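# Coordinate analysis (summary)
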Amino acid sequence: MSVVLVVNSGSSSLKYQLIDMRTEEKLASGLVERIGPGVGISTHKYDKECHEQRLEVSSHDEAFQLMLQNFEQHGPSLETHYPVAVGHRVVQGGRRFFGPTIVDDTVENDIEELIPLAPLHNQANLAGVRAARKVFTDIPHVTVFDTAFHTTIPDAASRYAIDRDVAETYRIRKYGAHGTSHKYVAAEAAELIGVPFSEAKTIVMHIGNGASMCAVDGGVSVETSMGMTPLEGLVMGTRSGDLDPAVLFHLHRKAGFSVDDLDDLLNRKSGLLGMTGTNDMRDVTERAERGDVEAEEGLAVYVHRMRHYLGAYLMALQGGTHAIAWTAGVGEHSAVVRRRTLEGLEWLGIELDDELNETHSDEARVISTPNSRIQVLVVPTNEELEIARQTLEVTGLQPA
Ligand SMILES: Nc1ncnc2c1ncn2[C@@H]1O[C@H](COP(=O)(O)OP(=O)(O)O)[C@@H](O)[C@H]1O
Ligand SMILES: CC(=O)OP(=O)(O)O
Ligand SMILES: [Mg+2]
């Protein structure tokens, strides 16, 4: 059996899946949340059962050991289901990695060197790679980069208008993120609407805790909302997204914020959390519906920013847009956010079907009316499956 283990380490979590690549069936999956001080939560799903455990998990190395324990205690055994390869998500590949890459020590060092370009993510991703290489010493490890899908974005969209030498020396440009998800969802969306991926024009809305949008034209990314780091663009769970850079000078000069304070403010204490006190969209929409003013204001800013980018991406897709595809935690589950983002756009040929929008399902589906010129879709993302596919592809292993 060809099974691939996929490790997706986030800034404070570690997600994993064991996938049988003959059928692309998920055999087992798990999540270790809240890595760091305090009580963490480990969830392991196998054979229709879900095993939950609460305990302090102080590092990604510990989270990885916990994952191994989960397999040992709850199955399936990694001895009988020994993976043929391990696929790892890495957010930032810079101008160094343009596709899935088999890991060796040089690759590990290069990922480390890219940490400043994705501070919340690359460090955690690397910790997962290192822990896994220590345990699975005799199989290939492959890193799949969020940035790889965006290397096709034209210069006019990926350059910042700053001094050329400074930009070159310090590698300052738009790299984007969530590319593995954007690519997977755009391909699924094309299939759903029956347009070849090589011809489809799609706007993908990856709206999770981290959130970004992507304009995909003929199978390639032409614009995305995250920038040099995953801080730019949309309002997120704890990140501010776009703001006037002069705000930083002002807070430094007038309020004595250090660079680290500013980093903490914008990456960890802003977005929905900063505006409403919670980064969970379920709480925000519930409170907004009950008339809570802070929640309503936060939601309004969140939605306004997505509409701003939607307008821009309709322009980026020359010649028209076939579909808008919603994905990730908020995009897949929040009918309220989808409705508020797309309301009043009938004049643009975007017409949501309210009943379809409100219907819950785990399947990829159309939620616009038959009259809607641009189709609106919900397409559950599966970064892990896409990583597993790319892992097999680059190692040349065949599912057997
Ligand atoms: N039913 C729901 N309604 C609204 N938002 C939801 C729902 N379920 C999950 N979410 C949101 O999705 C977010 C997590 O999305 P996810 O894509 O898993 O993010 P990440 O990969 O960045 O951790 C949660 O923070 C929560 O706000
Ligand atoms: C890049 C990024 O924001 O990833 P995530 O959504 O997993 O936090
Ligand atoms: Mg995510």
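Data block above holds the structure.
Residues numbered from 1 in each chain as written. Chains lettered and ligands numbered in written order. Predicted model: local features only at pLDDT ≥ 70, side-chain atom pairs only at ≥ 80, totals over all residues. Heavy atoms only, no water.

What follows concerns the site of ligand 1. Neighbouring residues of ligand 1: 13 residues in total, closest Lys 15, Asn 209, Gly 210, Met 281 and Gly 329. Across the complex, the protein chains shield 69% of the 590 Å² of accessible surface that ligand 1 would expose by itself. In terms of residue count, helix H12 (residues 328-333) provides more of the shell around ligand 1 than any other element does, four residues in total. A breakdown of the residues in the shell around ligand 1 according to their chemical character gives three nonpolar, seven polar and three charged. (Near = heavy atom within 4 Å. Areas by Shrake-Rupley, 256 points an atom, 1.4 Å probe, with all protein chains shown as cover. Helix = DSSP H or I, 4+ residues; strand = E, 2+ residues; numbered from the N terminus. Nonpolar A, V, L, I, M, F, W, Y, C, P; charged D, E, K, R; others polar.)

The element strand S8 (residues 141-145) is extensively covered by neighbouring structure, given that five of its five residues are classed as buried. Neither face of S8 is left uncovered, since the one carrying His 141, Thr 143 and Phe 145 and the one carrying Val 142 and Val 144 both have all their residues buried. Where strand S6 (residues 85-90) and S8 come together, five bridges link them in parallel fashion. Residue Arg 89 lies in a different strand from S8, and its bridge partner there is Val 144. Pairing of strand S7 (residues 101-102) with S8, which is carried by two bridges, proceeds in the antiparallel orientation. In the strand pairing of S8, Ile 102 is matched with Val 142. (Buried < 20%, exposed > 50% of the residue type's maximum accessible area, 1.4 Å probe, protein only. Pairing = 2+ DSSP bridges.)

Every residue near ligand 2 is listed here: Arg 89, His 121, Ala 177, His 178, Gly 210, Met 226, Pro 230 and Arg 239. Residue Arg 89 places a side-chain N or O atom 3.0 Å away from an oxygen atom belonging to ligand 2. Within the side chain of His 121, one N or O atom sits 3.1 Å away from an oxygen atom of ligand 2. Bound to the protein, ligand 2 loses 83% of the 260 Å² it would expose on its own. (Polar contact = N/O pair within 3.5 Å; in protein donor to acceptor, adjacent residues only side chain to side chain.)

We now examine a nonpolar patch on the surface. Together, Ile 162, Val 166 and Tyr 170 make up an exposed nonpolar region whose accessible area comes to about 290 Å². As for its placement among the helices and strands, Ile 162 is situated in the loop between helix H4 (155-158) and helix H5 (164-169). For Ile 162, a relative accessible area of 41% gives the class partly exposed. (Patch = residues over 30% accessible without salt bridge, like charges linked within 9 Å, V, L, I, M, F, W, Y side chains within 5 Å. Salt bridge = Lys/Arg side-chain N within 4 Å of Asp/Glu carboxyl O.)

If you trace the eight strands from one edge of the open sheet to the other, you get S5-S4-S3-S2-S1-S6-S8-S7, paired in mixed fashion. Because the sheet does not close on itself, it has two edges, and the strands there are strand S5 (49-55) and S7. With seven bridges connecting them, strand S4 (residues 40-46) and S5 associate as antiparallel partners. Bridged to Thr 43 within S5 is Glu 52. Running at roughly 40° to strand S2 (residues 14-20), helix H1 (residues 60-74) makes contact with strand S1 (3-9), S2, strand S3 (25-33), S4 and S5 of the sheet. Each of S1, S6 and S8 is contacted by helix H3 (residues 122-135), which is oriented at about 165° to S6, the strand it contacts most. (Contact = heavy atoms within 4.5 Å. Axes fitted to C-alpha atoms, helices over the stretch in contact; angles between N-to-C directions.)

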